[in-house]
Structure formats: C-alpha cells, structure tokens
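Structural characterization, general
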Amino acid sequence: MTDQEFDAYLQKRLEEILKLRGEKAKEYSNGDAFSHLKTASEIIGVSPEEVALMYALKHFVSIKDIVKTGRNKDKIKEKVSDLVVYLFLIEAYYEANSL
C-alpha cells in the first residue's frame, strides 16, 4: 500500500467511523456526548475519562486477541472503530473541560 493509498483508506475509515458514531450516539447519548460516561462514572466512582479509558481498553484487548489468535478477523474494523471513538471521547472530554 502506498502512502496515497493509505491516506485514501484512512479518509474512508474516518468517514465510516463518524457515521457509526452518529448511529451509536442515538443509543448512548441524550444530546450530551459524555452522558453515558458521566452516568457510569457516578455508578462506579471514577471519572468520566477513566470510564472512557476502560471502554477503550476493552476494545484494545479484543484487538489484541484478534491479532494474537487470528480469530474473529471479521470484527477488526468494528473494534478499531470503537477504540478510535473512545480515544476521541477522552480527548474531547479534556478539551471540553479545559485540560
């Protein structure tokens, strides 16, 4: 894959991730992108960004398992997409709360 091909792939995947996030926001959000993180943080007694990190780690572990075992390769795009969204949620949370 050339650099140009990778850039095109990355652009396509980011568009897919943005679309997926919009679809999942209907399930997880009430208009506040952090609402599910805040609720979970209250329940388990950690910060919203720690909740997002835990969710991200769950997807990272799934990706690690796919890489290590070669099983469930058909799930790699879904897991990477979810991981990317949670990483951006952490970044956006800090941005919204002035680092």
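See the structure above.
Residues numbered from 1 in each chain as written. Predicted model: local features only at pLDDT ≥ 70, side-chain atom pairs only at ≥ 80, totals over all residues. Heavy atoms only, no water.

This brings us to the nonpolar core. Of all hydrophobic cores here, the largest spans 14 residues; its most connected members are F34, L37, A52, Y86 and L89. Only α2 (35-44), α3 (48-69) and α4 (76-96) provide two or more residues apiece to this core. The greatest single-element share of this core, amounting to 6 residues, is contributed by α4. (Core = buried A, V, L, I, M, F, W, Y, C linked by side-chain atoms within 4.5 Å. Buried < 20%, exposed > 50% of the residue type's maximum accessible area, 1.4 Å probe, protein only. Helix = DSSP H or I, 4+ residues; strand = E, 2+ residues; numbered from the N terminus.)

With that settled, the discussion passes to the packing of aromatic side chains. Inspection of the entire model under this criterion finds 2 aromatic pairs. With centroids separated by 5.2 Å and ring planes inclined at 85°, the aromatic side chains of F34 and Y93 adopt a geometry described as edge-to-face. Residue F34 is found in the loop between α1 (3-28) and α2, and its partner Y93 is found in helix α4; the two are separated by 59 residues along the sequence. Of the residues examined, Y93 reaches a relative accessible area of 14% and is grouped as buried. The interplanar angle of 70° and the centroid separation of 5.3 Å between the aromatic rings of Y55 and Y86 together place this pair among those described as edge-to-face. Here Y55 is found in helix α3, whereas its partner Y86 is found in helix α4, with 31 residues between them in sequence. (Phe/Tyr/Trp six-rings, centres within 6.5 Å; stacked < 30°, edge-to-face > 60°.)

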